[in-house]
Structures are given as C-alpha cells and as structure tokens.
Amino acid sequence: MGPQLGPKAASLCRGRPLLLLWVSALSRCVSSPASPSPSLGPRIRTSYNFGRTFLGLDKCNACIGTSICKKFFKEEIRFGSGLASHLGPPPDHLPSYPANYSDDSKTWRPVEVSRLVGKQQSDISDRRICASAAAPKSCSIERILRKTGRFQKWLHAKRLTPDLVQGLPTPFLRCPSQRLLDRVVRRYAEVADAGSIFMDHFTDRDKLRLLYTLAVNAHPILLQIFPGAEGWPLPKYLGSCGRFLVSTSTSPLQGFYGAAPDQAADLAYQLLGVLESLRNNDLNYFFYFTHVDAGTFGIFNNGHLFIRDASALGVIDRQEGSQTAAAGPEESQDIFSCLVSGCQAELPSCYAIPETQSLVLVCRQVLPQLLQGKFPSPVQDEIDAALAQCGEDASPAPEVLGAASRLKDILRPLRTCDPRFAYRYPDCKYNDKF
C-alpha cells in the first residue's frame, strides 16, 4: 500500500478534481524522522501533504498524476538527513538541493531537485496572474489561466502550432518550427501516450501544464525531447512539477575552477566539443545560448561534462526554418508572456543570432576561469591568445571558429588517460579519439 495523504489533506481533496501541476514550494510531512541514508535502516512510511504553497493553487492534490508526484508517492525519491525531517522549500538562495532516487527500493542514486524559477519570481508571477483578472492577492490561479484567450486556443487545437506559442518568453520558443513543436508533443513525458504529433491524447490539464512549463522555463522540455540517452549533452529527466524539476545529480563547473591542469584541460576540451555538437548535429538544429554562467554546465561523477541548465538555450531549425505567424502585440502578449520577466520584453530576431554566439560567450566568461594560470609558458600563452580571439564577438566567424579549433588542438595532449576520467577510461588507452 502506497503512502497516503495526511488527514487534513485528505479531507480537503475529497471529491475534488485533480489540478494543474504548478510548484512554488515543496512540502512533505514525515510521520517519522528521516533515516540518515536511503540505503540504511528500515524503510520509513511517510505521509505527504501537498498544500496550497506546493503549487500556488487552490487544492492539495494539484500535481497528482504527474511523473514527479508518482515518484514521491511511491517513495522512489527520498531525502537524507541533510534536510529537515519536515521538508519545506529549500532556502531561497539555493537553486537546487540533493535527494536520492530508486526504482526498485534497493539501489539508490543521487539526484537533485532544481528550481525552475526563483522564489521572488514565483511570488511576482502569482501576483501578476491575480492582477490580470482584477482578483485579490489570493485567487484561483488555474481558474484565471483557463479563461485566457491563449489557453482557449490551446483547448481547441489538435496540433501544437507556432501561433499557439508566439509571445512566450523562453529562448527555446523564440522562432519555433513546426518540426520542433511536433517533437515536443511526441516526446512530452507527462502524458500517457506521447507517440503522436496530434494532441488528441492530451487532457485539458495536460495542455495547461505544458503551456505553463513552456512559458516559465523550457529546461525540462529540452531534457525530454533531446535526451542524453540519444547522445545529447543533457542530464536525465526524472520528472517535473511546474516550478521544480528532478534530474540526475550534477556538480556545477564552477566547483572545478581550481582543478588540476589535466582535469581543467579535459573539461575545457569537452565543453568546446559540446558547443560544436550544438552547432552541427544530425537533426540539423542549431542550438545557441543567450547567456552563460558557472552554473550552466555541470559534471557527472564519471567526469563527463554536460549542459546543467538549458533555460537559456535557443533552437533554430536549419532544415525547416521558422514558421512563426505574424501577429500584433495584443495577440502575442498576454499573462503567459510575463510570468517570469517583463511583459514588454523585446527579443531580437532569431535570424540575427550569429553562429559563434555560444563560443564567444563561453570563451569570454567560462573558459578563462577554468584555464587561467594552469600551465607553464609557452603553453599558457598559446591558450590565452586563443581564448582572447575566440571571445572577441567583433571578429568574423571563421576567425572565432579557427581560434576554438586551435584551442582544442592545444588542450588535447594536455589531457591524461587514467581512471579519474571514467567516461573515457580505459578506451583512451587503446583509441586516441578519447
């Protein structure tokens, strides 16, 4: 028998329909103190109380039916003693916090629960939604969003088309193609059947969940439609609930700025390879970052580098091109356009994005901190010169790309082949590709 809702929560939920997935805080009421480690001690029965603060909505069972809630209910996601036994939202300054995941109750692996928006953004978002309907501070957010013109169009749509997402602020949707949106529908993991480009198998609530996620932060959508299992440099998606996401555990690249020279060279070499794969891939999508920082990239425990935060990742379809329909400000701007940013924010055309944008950002803001002062002269001088040219946005694209290629050539022999780099060991002993 699975965990049950607490008595108060159960009474609130009785006879009420399931609601939209939407998280502003995570609340877990534990009937017994948490065990020090999920793998130690007897299994502890827990009760869960998903209160209003969990989703910013009106009912306690708002996220039941989503993949993340099923995992919590089946106790596949558990928290160690590092957090309080009565688990509320993490402190506002923490973008993520650790947990453990198991699908057989025997083998546990570390995961992290990440905020898709900050606490302040969540509060502003809730106030904007209520204000858009001249409602008081506290209102039924789902009811208001259901009445919007955009969602009414979603309700009657059989297929997700560019006009339905126009005006949403995430870089992912700046210039969507029909091919990209069909991929979203086919691979959306929060529906029972995601094998069709048509949304006939979506319930009204499924459509609202997807719309809200796309409007707030497309990171979990990117993890679903470009999975790491297919070679994309992204962590594994384990479930999301509106404002929170559960994915495989990560270590931010910032924590490796003081790494040994051979490890720094290895990570920098991988990062340049990731950017190359985003520019050129078999699906003919061009991925670019609108900004990067130390938390954008992360490291798996086997030393493999990947994109830790894809919220600033835009996608341009080189094969099909953009099919965004022309619309006036009144048609493209609505409450969904300003849930986490200014309502009137103007984004540059996707066709104005240079091919080298991500390279310039990384060479200017990330790689210098990773590689600075790590190597003896003249190697360090060569690295610094290549970084300077690679990070110059005024340089022609061939010069930037050439500098990045030279930098990879310099870094390649600086990498060592030993068990610390498990993602390529022992293959590196027999194949210089690694």
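Residues numbered from 1 in each chain as written. Predicted model: local features only at pLDDT ≥ 70, side-chain atom pairs only at ≥ 80, totals over all residues. Heavy atoms only, no water.

## Description of the pairing of strand β4 (residues 237–241)
Heads up, the condition is: Buried residues are those whose accessible area, probed at 1.4 Å on protein chains only, stays under 20% of the maximum for their type, while exposed residues exceed 50% and partly exposed ones sit between those limits. Note on conventions: DSSP H or I runs of at least 4 residues are helices, E runs of at least 2 residues are strands, and numbering of each starts at the N terminus. Two strands are counted as paired when DSSP detects at least two bridges linking them.
Counting buried residues along β4, five of its five residues qualify, which places the element largely inside the surrounding structure. Pairing between β4 and strand β5 (residues 244–248): four bridges, direction antiparallel. Across the sheet, Ser240 pairs through a bridge with Leu245, a residue of β5.

## Structural notes on the layout of surface pockets
The condition is simple: The distinction between a cavity and a pocket rests on a 1 Å grid over the protein atoms alone: a 1.4 Å probe fits inside a cavity but cannot get out, while a pocket stays open yet meets protein on both sides within 12 Å along at least five of seven lines, and a residue with an atom within 4 Å of a point counts as lining. Grid points are joined across faces, edges and corners, and a volume is the space filled by probe spheres set on the points.
Quantified by volume, the second largest pocket comes out at close to 590 Å³. Forming the walls of the second largest pocket are 21 residues, and the residues nearest its centre are Gln270, Gly273, Val274, His304 and Tyr423. Elements that contribute at least two residues to the lining of the second largest pocket include exactly α11 (261–279) and β9 (305–307). It is α11 that contributes the most residues to the lining of the second largest pocket, five residues altogether.

## Topic: the nonpolar core
Rule in force here: Take the buried Ala, Val, Leu, Ile, Met, Phe, Trp, Tyr and Cys residues and link them wherever side-chain atoms come within 4.5 Å; each set so joined is a nonpolar core. Only heavy atoms matter for contacts: two residues are in contact if any of them lie within 4.5 Å across the pair.
Residues Phe172, Leu253, Leu367 and Leu371 are the most contacted members of the largest nonpolar core, which totals 92 residues. Ranked by residues supplied to this core, first place goes to α11 with ten residues. Excluding residues that lie within four positions of it along the chain, Phe172 makes contacts with Leu180, Val184, Leu214, Ala218, Ile221, Leu222, Ile225, Leu313, Gly314 and Val315. If you look at the next biggest cluster of nonpolar residues, it comprises 14 residues, including Phe72, Ile77, Tyr101 and Val246.

## A few points about the state of the cysteines
Heads up, the rule is: Note on disulfides: each one is a pair of cysteine sulfur atoms within 2.5 Å.
Applying the stated criterion to the full structure yields two disulfides. Put simply, Cys363 and Cys390 are joined by a disulfide, and their sulfur atoms are 2.0 Å apart. Here the S-S torsion is close to 60°, and the disulfide linking Cys363 with Cys390 is therefore right-handed. Of this pair, Cys363 sits in helix α13 (residues 357–365) while Cys390 sits in helix α15 (residues 379–390); the two residues are 27 residues apart in sequence, bridging distant segments of the chain. Cys390 gets classed as buried once you look at its relative accessible area, which sits at 0%.

## Comments concerning the confidence of the model for the chain
Atom-level detail of predicted coordinates should not be read off regions where pLDDT is low. Counted only if it meets this: For every residue, the predictor states its confidence as a pLDDT score lying anywhere from 0 to 100.
Of the residues in the chain, 78% have a pLDDT of 70 or more, and the chain-wide mean is 80. Counting contacts from residues 84–89, a segment whose pLDDT is below 50, to residues more than four positions away or on other chains yields 14 contacts. Low pLDDT (under 50) marks residues 325–331, which in the prediction has four contacts with non-local residues, meaning those over four places away or in another chain.

## Some points on the packing of α11 against helix α16 (residues 397–411)
Stated precisely, the cut-off is as follows: Axis geometry follows a simple rule: fit a line to the C-alpha atoms, using only the stretch in contact for helices, then measure angles between N-to-C directions, giving values from 0 to 180 degrees. Crossing handedness is defined as follows: a turn of the near helix away from the far one that is anticlockwise and smaller than a right angle gives a left-handed crossing, while the clockwise case is right-handed. As a working rule, the residues Ala, Val, Leu, Ile, Met, Phe, Trp, Tyr, Cys and Pro are called nonpolar, Asp, Glu, Lys and Arg charged, and the rest polar, with Gly in that last group.
Closest axis-to-axis distance for the α11/α16 pair is 9 Å, and the angle between their directions is 145°. Considering the relative orientation of α11 and α16, their crossing is left-handed. Note on element contacts: α16 touches α11 through Leu401, Ala404, Leu407, Lys408 and Leu411, opposite Ala265, Ala268, Tyr269, Leu272, Gly273, Glu276 and Arg279. Here the residues of the contact of α11 with α16 are counted per class, giving eight nonpolar, one polar and three charged.

## Describing the pattern of salt bridges
Any two side chains of opposite charge can pair, so long as their charged atoms come close to each other. For clarity, the threshold we go by: A pair is scored as a salt bridge if a Lys or Arg side-chain nitrogen falls within 4 Å of a carboxyl oxygen belonging to Asp or Glu.
In total, this model carries 16 salt bridges according to the counting rule given. For the salt bridge of Arg159 with Asp182, the shortest nitrogen-to-oxygen distance reads 2.5 Å. Remark: Asp182 occurs in helix α8 (residues 178–187) and Arg159 occurs in the loop between α6 (149–156) and α7 (162–165); sequence separation between them is 23 residues. Note that Arg420 and Asp418 form a salt bridge whose closest N and O atoms lie 3.2 Å from each other. Judged by its relative accessible area of 18%, Asp418 is buried. Among the charged side chains, a salt-bridge network with shared partners connects Glu142, Arg146 and Arg205.

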